[in-house]
Each structure stands twice: as structure tokens, then as C-alpha cells.
Amino acid sequence: MTETRDIPVCQPFDPDPRPARFAPPKGAVDTHFHVFGPADRYAYVPDRTYTPPEAPLSAYEHMLDTLGISRAVIIHPSVYGTDNSASLDAMRETRLDMRGIAVVDDTVSDAELRAMDEQGMRGVRVNLLFGGGVAFEAAERMARRIADLGWHLQLLIDISAFDELETRLKRLPVDTVIDHIGHMSTAKGVDHPAFATLMRLVDTGRTWVKLSGAYRITAEREAPYRDAEPFARALIDYNPERMVWATDWPHPFVQIPMPNDGALLDMLADWAPDEAVRNRILVDNPARLYGFSEVQESRPTPVNVHKGGQ
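An account of the accompanying structure is given in this report. Not measured: the values here are computed from a predicted model.

### A few points about the sheet that holds strand S10 (residues 243-245)
Next, step 1: Strand order across the open sheet formed by eight strands is S3-S4-S5-S6-S7-S8-S9-S10, with parallel pairing between neighbours. Every interior strand has two partners, whereas the edge strands, strand S3 (29-33) and S10, have only one. Averaged over all adjacent pairs, the angle separating strand axes in this sheet is 25°, with direction ignored.
Next, step 2: Its contacts with the sheet put helix H1 (residues 57-67) on S3, strand S4 (71-75), strand S5 (97-102) and S10, and the angle it makes with S3 is roughly 150°.
Next, step 3: Here helix H9 (residues 275-290) sits on the sheet and contacts S3, S4, S5, strand S6 (121-127), strand S7 (152-156), strand S8 (176-178), strand S9 (207-211) and S10; the angle it forms with S10, its principal contact strand, is near 105°.

Below, the structure is given as C-alpha cells:
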């Protein structure tokens, strides 16, 4: 990492993605990625935590082509604050079937929210880790405004560092999505009280978890980050109906060597070796959460391994 004006500059994404060892089913969704740049068109906020290298939509589309995925969810990143222009423009310009998650504050009008809904936005992101995000108290107010749109709140938090998480999420009028397996260090173990809280939230049927960002919680330096596997497997075994998968491309602010996206998709095969369960995570769950159309294709019949709530 190098620094400019004391703001770290991220390492670039791997420009040579490789296919995974399995072919994703038709309708598979990458539920978390960002685009960055060009900086002279989309200005970064000064209070950001990091400065990303340019990561254009064309490079992301190439990566998904390599993986064999044509559906995606763009997540508005913290470096742009509440100016969603870069994400909205990518949604207009892409050839992919795409939905999005916005970052807004109390100044956004209902008309602006409706306009973003028409363009494919499906939720609001709450970032409690990186500069440029929105405070949780503001997100609680926003939840009441987005409920009628059918949107959800997406939370970038360390579940082990957030007090009263269960109480606060249960009283929200919308579903919630937890980023990156809860963003808690694997060193704390699956027996940590915060992970038990996450499992209880998943059991409510109103909380979803992204099986992504294992390189953000691991103590290892190379995929497949085996220390993250017990967390992912525990969540999948408990309630596969509330799990979705993502690359987190272009992997901003990663502190270990840059992963290849094919290796990240391979990890899902390790975490969910049953094809029917894996297809549910890749296709059925994100279709329901983000409003993608139903895929008409013969796939293995999903098995009912749900051990949690409805």
C-alpha cells in the first residue's frame, strides 16, 4: 500500500480472472461489486478511508464473463459519499442484468428514492467501517422511508463490535443484509457470542448474509482462506435460504495479496458442496432479495436442509 495525503491507495484488482472449477447455473448473481473512476468524472469525498485505483465497468464485465455469470448487484462505495452517480451510470450502461444498493442520507427526497427504484436500486447501504458512510441512527430513520419500496438495509459492520445488534435490527421495518460473513475476525471463532447473534438473526427470516470478503476476516494470505470456512459452512447449514454469494470486486482496501475471482467462486463449492444448495445461494435467494426475474431452467431440485426459522 502507498499513501497520498495520508489516505492509503489500494492495490489494483487481478486483471486476469480465471474460471472456477464448476460452471455457475443460469441466473447466478454476484451480489456485491463496485466501480471506481475515472476520478475526473466522479470525485471522491475528502473524508474517505482509502483511494481506489480505477476499476471500470468493462473490466468487471470481463471478469463476470470469465466466471460465466450475467447478473450482478452494484454496491455504492463509501469513497463517493451519497453521490450515487457512478453506480447509477454503470447500471444504465451495463449489458448485464443489474440491480443496485444506494448510499443516501436524510436529505434525499421521496421522489429521488422512487427514481432510483425505477433504475433498479433495491436498498440502502449502511457503512460503519469506512469513512464516507452513513451513521446507523440515520439508517434507522431511512428504513421507515424505504419500507414501502420493498427495499432493505445492507450493513457493513463488524458484528463483534456493534452493541445491541440483535435488538436494533429486529425492530427495523425492513429486511437487513450483513456484508462479508459479518466482518468479524476468524480468530474470534464460531463460538463467539456475536456469531451466535448472527445465527439468531438469520433464524428470523429477515436477515440475510453475504458469503463474501473472506479475505477481510482471515488470518491467512492466500485463497481458499480455510479459517473462514467454518463460519460460512455454519451459516449455510443453518439456513441456506438466507445466504447470497459475492465477489466484492475489485476488492478495495484488501490488506493481503489480491485474490483471483475464480478462486473466490471455487470457495463457494467448498462451503456448499451440494449443488442444489449452491444453486439456491447463487440463483434463487438473490432473485428473491433483489427482484431478478425467475430463471426457467432445469436445475437440481433444491433440498430442504433449513434448520433455522422460516
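### Side note on helix H8 (residues 261-271)
Next, step 1: Where burial is concerned, most of H8 is hidden: eleven out of the eleven residues are buried.
Next, step 2: Where H8 is concerned, the buried positions are Asp261, Gly262, Ala263, Leu264, Leu265, Asp266, Met267, Leu268, Ala269, Asp270 and Trp271.
Next, step 3: At the N-terminal boundary of H8, the capping side chain belongs to Asn260, with an oxygen 2.9 Å from the backbone nitrogen of Gly262.

### Here's the deal with the nonpolar core
Next, step 1: Counting 90 residues, the largest nonpolar core has Met116, Leu153, Leu235, Leu268, Trp271 and Ile281 as the members making the most contacts within it.
Next, step 2: Discounting chain neighbours no more than four positions away, the residues touching Trp271 are Ile181, Leu211, Ala214, Glu229, Ala232, Arg233 and Ile236.
Next, step 3: Formed by eleven residues, the second largest nonpolar core is a distinct cluster that contains Val244, Ala287, Leu289 and Tyr290.

### Side note on the packing of aromatic side chains
Next, step 1: Applying the stated criterion across every chain, the model contains nine aromatic pairs.
Next, step 2: Between the aromatic rings of Tyr60 and Trp249, the centroid separation amounts to 5.3 Å while the plane-to-plane angle is 50°, which identifies the pairing as tilted. With Tyr60 in helix H1 and Trp249 in the loop between S10 and H8, this residue pair connects regions lying 189 residues apart in the sequence. With respect to burial, Tyr60 and Trp249 carry one shared label: buried.
Next, step 3: Ring pairing ties together the aromatic residues Phe13, Phe33, Tyr60 and Trp249, which thus form one cluster.
Next, step 4: Here the guanidinium or amino end of Arg99 rests over the ring plane of Phe292, the centre of that ring lying 4.5 Å away.
Next, step 5: Sitting above the plane of the Trp208 ring, Arg242 keeps its charged end 4.5 Å from the centroid.

### Concerning the side chain of His152
Next, step 1: Here His152 lies in strand S7.
Next, step 2: In this structure, His152 is in contact with Ile101, Arg122, Gly123, Val124, Ile146, Val174, Asp175, Val177, Leu289 and Tyr290, ignoring residues within four places of it in sequence.

### What about the pattern of salt bridges?
Next, step 1: Following the criterion strictly, the structure yields 25 salt bridges and no others.
Next, step 2: The residue Lys170 makes a salt bridge to Glu166 at a minimum N-O spacing of 3.1 Å. With Lys170 and Glu166 both in helix H5 (residues 165-170), this residue pair falls four residues apart, about one helical turn.
Next, step 3: Among the residues examined, Glu166 registers a relative accessible area of 17% and is labelled buried.
Next, step 4: Beyond isolated ion pairs, a larger network of salt bridges with shared partners links Arg21, Arg226, Glu229, Arg233 and Asp270.

### Considering the environment of Glu241
Next, step 1: Inspection of the secondary structure puts Glu241 in the loop between helix H7 (229-238) and S10.
Next, step 2: Look at Glu241 and you get partly exposed, because its relative accessible area is 22%.
Next, step 3: Measuring from C-alpha to C-alpha, the distance between Glu241 and Trp208 comes to 8.5 Å, with 33 residues separating the pair along the chain.

### Section: H7
Next, step 1: All of the buried residues along H7 are Glu229, Phe231, Ala232, Leu235 and Ile236. Buried positions in H7, seen along its axis, are confined to an arc of 165° and lie on one side of it.
Next, step 2: Buried-residue contacts for H7 involve helix H6 (193-203), S9, S10, H8 and H9.

What counts as what
- Residues numbered from 1 in each chain as written.
- Predicted model: local features only at pLDDT ≥ 70, side-chain atom pairs only at ≥ 80, totals over all residues.
- Heavy atoms only, no water.
- Pairing = 2+ DSSP bridges.
- Helix = DSSP H or I, 4+ residues; strand = E, 2+ residues; numbered from the N terminus.
- Axes fitted to C-alpha atoms, helices over the stretch in contact; angles between N-to-C directions.
- Contact = heavy atoms within 4.5 Å.
- Buried < 20%, exposed > 50% of the residue type's maximum accessible area, 1.4 Å probe, protein only.
- Polar contact = N/O pair within 3.5 Å; in protein donor to acceptor, adjacent residues only side chain to side chain.
- Core = buried A, V, L, I, M, F, W, Y, C linked by side-chain atoms within 4.5 Å.
- Phe/Tyr/Trp six-rings, centres within 6.5 Å; stacked < 30°, edge-to-face > 60°.
- Lys NZ or Arg CZ within 6 Å of the ring centre and 35° of its normal.
- Salt bridge = Lys/Arg side-chain N within 4 Å of Asp/Glu carboxyl O.
- Arc of directions from axis to C-beta.

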